[in-house]
Amino acid sequence: MDVSLSQLGAMLARQRVTPHGTLWIVDAASRLVAVPGQAWEGLIDDRLQLPLASDVTDPVVRTATLAAVSAGEGSRAPRVADIDGTPYLATLTPMADEHGLHFRVIVAAPLEDVTGHITDMALRIVLLAAVILGLAVPLAMHLARRVARPVRLLCEEAGKIQRFDFSASPAIRSHVSEMQALATACEVMKSTIRARTESLLDTQATLEKLVAGGMALSAEKDMARLVTLIFQTAKELAGADGGVLYLMEGEELEVELVSLHAESLVLGGLSENPAPRVKVRPEIMPFLQSHSVLRHACEALRTRKAATARDEGLSLFPTGLPEEPKDYRIASLITVPLATRREEVIGVIQLFNPQILPSDEAGDGISGQGMGFIGSLAAQAAVALDNHHLVLSLRDLFDALIQVIASSIDAKSPYTAGHCTRVPILTEMLAQAVHEATDGPLAGFRIETDDEWRQLWIAAWLHDCGKVTTPEYVVDKATKLETIYNRIHEIRMRFEVLRRDVEISHLRKCGLGQAAPQGLGQEFEEEIRRLHADFEFVAACNVGGEFLSDEDRKRLEHIASRQWLRYYNDRIGLSEEELGRKAHEAEPELPTPEPLLTDKPEHVIPRRRAYPDLVDAQGNPLLFPENEYNRGELYNLCISRGTLTPEERFKINEHMLSGLEMLKKIPFPEQLGRVTEIATGHHETLIGTGYPLKKTKDQLPVEARILAIADIFEALTAADRPYKKAKTLSEALGIMARMRNGRHIDPDIFDIFLASGVFSAYAETHLAAFQRDVTDVSPYVSQSDARNTS
């Protein structure tokens, strides 16, 4: 078919590849064969050859042909060409060359024509997606909320459970089976944890009560309060409305406390108004009625096991309450023995109508947590009661030992008979009066606690405990020559020997006719009178007195210079100690003259005991006599006042040092820590002239000053002293008034002693009628000037 180039170009123009695309045909040499809308007149030269694509003025044809041809026929991929700044896609497609034409079709179009619909499509997709998303998100959120609501509620429930908040919550419903199962499990878990938590809280509260009760039991010292505390704690733990507490007294089980509803009564000696107590011996249990609570108590005592009972017919013994209950019913009871660590049952607790019930109904065993608490409390109560009994037993034992020591000191010598027993009585009376004083310098003094009163009581009983070490013959020394016996008998025997020597000498002179018989008789009689007078003088000096003059001392020395003749060995029949004291001097030849009164070396006994670590209140070492004793005859007879040598006087005063050492060795507890200070201060004065430590008023506790006045007053008024006559109240108070003026005793306490009438009350009980001669104390009360000086 013959087709003209113009027709072919027109046909290509009708092919709308893209809105702005163009296609044309070239041959193998890239000559244009057909171009849409191309005028060929100016393109074909004189040789009638087709123009090259590179020669045309149309930049699209020129550039796109070059790009497409350069890619080659084998490449179908479009080529991108930049034509005047606009990207074009160019493709080359070979046509069938069966007829040898070798034509190629080139298509060129702006890139925007090819990709523009893709952008439009993407935009439409985005818009559609936005619409879908706008509808889907609210729906998804709504669905998510519905699906997540159970999860949120479960989380809230978990948080509440974590906070132990078990308050009511909305029901959790879910169409998701797994979620509903989880919600159900959570509710079950919440109920279980709530129940366990409530149980734990109840247990904790019970444990707190048990611990608080145990601490209170261990701290309580009063027996009546201890019994009440034990029962009230057990009653609260068991939720009982009544009960009984029994305690063992010897071989009998005695009702100590009864409580019904809110009314209770402490029986026996534990209350101010004791009521008769029900007592039962365990061996009569077979004879008690089976429904009697006493039978159950005896059974617990016998078996030492706790038990329960349920019986509508349980009966109660007569309680002793002000109004005996008539309609009180006991439907059940718990009986728990109080067993000590020594497996000794010391009591029984019975609780009526308890709210806690054991798991078994047989009544022969105790189980359950609540019953365990009751058992624990019973064990603590047994320990507390046992400790209380042990403390009381030890206290009674210690008190008995104190009183035995004091009584033994009183019994040791008739010179101090009853003193250690009466001083505590008077001390307590005076201390009570000082305690009650509301004015004066001692208005603020108080003995507040039982321990402080007991401290003073012990100090008063032990104030003279050191006298147990004081030799009896020193305390009882009534004459100067007395030791174990009165050595005046030895002196008298020497005078007897001298008399016989004088008589023998007289008879010898008469027989030999050395002088006239009349002169010899007068000389003999004179010598006998002189011997009698000397012995009577020595005997009078031996008795002791208020003063020995220098003339009397010289006369004693003159009498002592007389000699008598000893014929026998004085070193036989002696103890090793006596022989040791004579070992330093040689035995003289017998017969040997000896002084009538002598101070021999063996009379001096060196000091065996010292107190190197003791100092007085001012820090000075204590002064001691050089020797323990000096039993020299002339040395003792020359004592100026009384019958005691300085060594013996120190030996008596030394009882305070001995008492100080003894009391320091006693491990007094803290609440009794001042016993030693009080007991060893009653011989001190207010001005530091007393003994053993020369303390002053500021260094003496009030209790020691009280004890000093009680000690002095008792010693002055005691009627059982063989060495003196009991003084009347006027005499004793007069002496004590002078001691007050000399600042030996506390004037303020002495005034209270007088003003309160303590001395009179004591005298009514302990003094004879003839001693009670004071009705007006004004002569003995401190005067203003005396008070100022004190």
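For clarity, every value in this text was computed on a predicted model and none was experimentally measured.

Rules used in this analysis
Residues numbered from 1 in each chain as written. Predicted model: local features only at pLDDT ≥ 70, side-chain atom pairs only at ≥ 80, totals over all residues. Heavy atoms only, no water. Helix = DSSP H or I, 4+ residues; strand = E, 2+ residues; numbered from the N terminus. Buried < 20%, exposed > 50% of the residue type's maximum accessible area, 1.4 Å probe, protein only. Pairing = 2+ DSSP bridges. Axes fitted to C-alpha atoms, helices over the stretch in contact; angles between N-to-C directions. Contact = heavy atoms within 4.5 Å. Parallel < 35°, antiparallel > 145°, perpendicular 65-115°, else oblique. Left-handed = near helix turned anticlockwise from the far one by under 90°. Nonpolar A, V, L, I, M, F, W, Y, C, P; charged D, E, K, R; others polar. Arc of directions from axis to C-beta. Phe/Tyr/Trp six-rings, centres within 6.5 Å; stacked < 30°, edge-to-face > 60°. Salt bridge = Lys/Arg side-chain N within 4 Å of Asp/Glu carboxyl O. Core = buried A, V, L, I, M, F, W, Y, C linked by side-chain atoms within 4.5 Å. Polar contact = N/O pair within 3.5 Å; in protein donor to acceptor, adjacent residues only side chain to side chain.

Participant: Lay out the overall build of the protein chain in plain terms, naming residues and giving numbers.
Facilitator: When you go through the protein chain residue by residue, the secondary structure sums to 22 helices and 16 strands. In the protein chain, buried positions account for 42% of the 790 residues.

Participant: If you had to explain the sheet that holds strand S1 (residues 22-26) to someone new, which residues and values would you point to?
Facilitator: The antiparallel open sheet is built from 5 strands, whose spatial order is S2-S1-S5-S4-S3. Of all strands in the sheet, those with a lone pairing partner are strand S2 (32-34) and strand S3 (79-83), marking the two edges. Across the sheet, the axes of successive neighbouring strands diverge by a mean angle of 35°, strand direction being ignored. One ladder, built from 5 bridges, connects S3 with strand S4 (residues 86-94); its direction is antiparallel. The partner of Ile83 across the bridge, within S4, is Thr86. Across the face of the sheet, helix H1 (residues 5-13) comes into contact with S1 and S2 while running at roughly 70° to S2.

Participant: If you had to explain the packing of helix H18 (residues 702-717) against helix H20 (residues 747-755) to someone new, which residues and values would you point to?
Facilitator: At their nearest, the axes of H18 and H20 sit 10 Å apart, and the two run at 55° to each other. Here H18 lies oblique to H20, going by the angle between them. Where H18 crosses over H20, the two elements pack in a sense that is right-handed. Residue-level contacts link Val702, Arg705, Ile706, Ile709 and Phe713 of H18 to Ile749, Phe750 and Phe753 of H20. Considering only residue class, the contact of H18 with H20 consists of 7 nonpolar, no polar and 1 charged.

Participant: Account for H1, naming residues and giving values.
Facilitator: Those residues of H1 not exposed but buried are Leu8, Gly9 and Leu12. Each buried residue of H1 lies within a common arc of 100° when the element is viewed along its axis, so the set occupies one face. Where H1 is buried, its residues meet S1 and S2.

Participant: Kindly report on the packing of helix H8 (residues 419-435) against helix H21 (residues 758-766), identifying the contributing residues and their values.
Facilitator: At a minimum axis distance of 10 Å, the contact between H8 and H21 shows a crossing angle of 150°. By the angle between their axes, H8 is roughly antiparallel relative to H21. Where H8 crosses over H21, the handedness of that crossing is right-handed. Here Arg422, Ile425, Leu426, Met429, Leu430 and Ala433 of H8 come into contact with H21, specifically with Val758, Ala761, Tyr762 and His766. Among the residues making up the contact of H8 with H21, the classes are represented as 8 nonpolar, 1 polar and 1 charged.

Participant: Give a description of the packing of aromatic side chains that names residues and reports values.
Facilitator: Scanning all chains against the criterion turns up 9 aromatic pairs. On the numbers, 5.8 Å between centres and 55° between planes, the contact of Trp457 with Trp461 is tilted. Residue Trp457 and its partner Trp461 are located together in helix H9 (residues 450-461), separated by 4 residues, close to a single helical turn. On the basis of an interplanar angle of 75° and a centroid distance of 5.1 Å, the ring pair of Phe713 and Phe753 is categorised as edge-to-face. One end of the pair, Phe713, is in helix H18; the other, Phe753, is in helix H20, and 40 residues separate them in sequence. You'll find Phe713 and Phe753 in the same group, each marked buried.

Participant: Tell me about the pattern of salt bridges, residues and numbers included.
Facilitator: Applying the stated criterion to the full structure yields 32 salt bridges. We note a salt bridge from Arg607 to Glu628, for which the minimum N-O separation is 3.6 Å. Of the two residues, Arg607 sits in the loop between strand S15 (604-606) and strand S16 (627-630) while Glu628 sits in strand S16, which places them 21 residues apart along the sequence. A residue is classified by how much of its surface remains accessible, and Glu628, at 7% relative accessible area, is buried.

Participant: Outline the environment of Thr228, supporting the account with residue identities and numerical values.
Facilitator: Mapping Thr228 onto the fold places it in helix H5 (residues 223-238). Expressed as a C-alpha distance, the spacing of Thr228 and Ser259, which sit 31 residues apart in the sequence, is 9.8 Å.

Participant: Report on the pairing of strand S6 (residues 242-249), specifying residues and quantitative values.
Facilitator: Both faces of the sheet carry side chains from a regular strand, because those side chains alternate between them. Within S6, 7 of the 8 residues are buried, which leaves the element mostly enclosed by the surrounding structure. With 8 bridges connecting them, S6 and strand S7 (residues 252-260) associate as antiparallel partners. Residue pairing for S7: Met248 is matched across the bridge by Leu253. Remark: 2 residues form the turn of the hairpin made by S6 and S7, two consecutive strands paired antiparallel; Gly250 in that turn has positive phi of roughly 70°. Two strands pair when backbone bridges link them, and S6 and strand S12 (residues 345-352) are joined in this way by 6 bridges, in the antiparallel orientation. Across the sheet, the residue bridging to Val244 is Gln350, located in S12.

Participant: A description of the nonpolar core should follow, citing residues and the corresponding values.
Facilitator: One finds Val434, Phe713, Leu733, Phe750 and Phe753 to be the most contacted residues of the largest nonpolar core, which totals 54 residues. The biggest single contributor to this core is H18, with 8 residues. For Phe750, the contacting residues outside a window of four places in its chain are Ile709, Leu733, Met736, Ala737, Arg740, Ile745 and Tyr780. Of all hydrophobic cores here, the second largest spans 27 residues; its members include Ala238, Leu245, Leu338 and Ile346.

Participant: So what's going on with the side chain of Asn627? Which residues, and what values?
Facilitator: Positionally, Asn627 belongs in strand S16. The contact partners of Asn627, leaving out residues within four places of it in the chain, are Val604, Ile605, Pro606, Arg607 and Glu647.

Participant: Describe in detail the environment of Glu587, supporting the description with residues and values.
Facilitator: Considering the arrangement of structural elements, one finds Glu587 in the loop between helix H14 (576-582) and strand S14 (592-595). On a C-alpha basis, the gap between Glu587 and Asn569 in space is 8.4 Å, while along the polypeptide they are 18 residues apart. In this structure Glu587 touches Asn569 and Arg571, once residues within four positions along its chain are discounted. Within the structure, the side chain of Glu587 is placed 2.9 Å from the side chain of Asn569, a separation counted as a polar contact.

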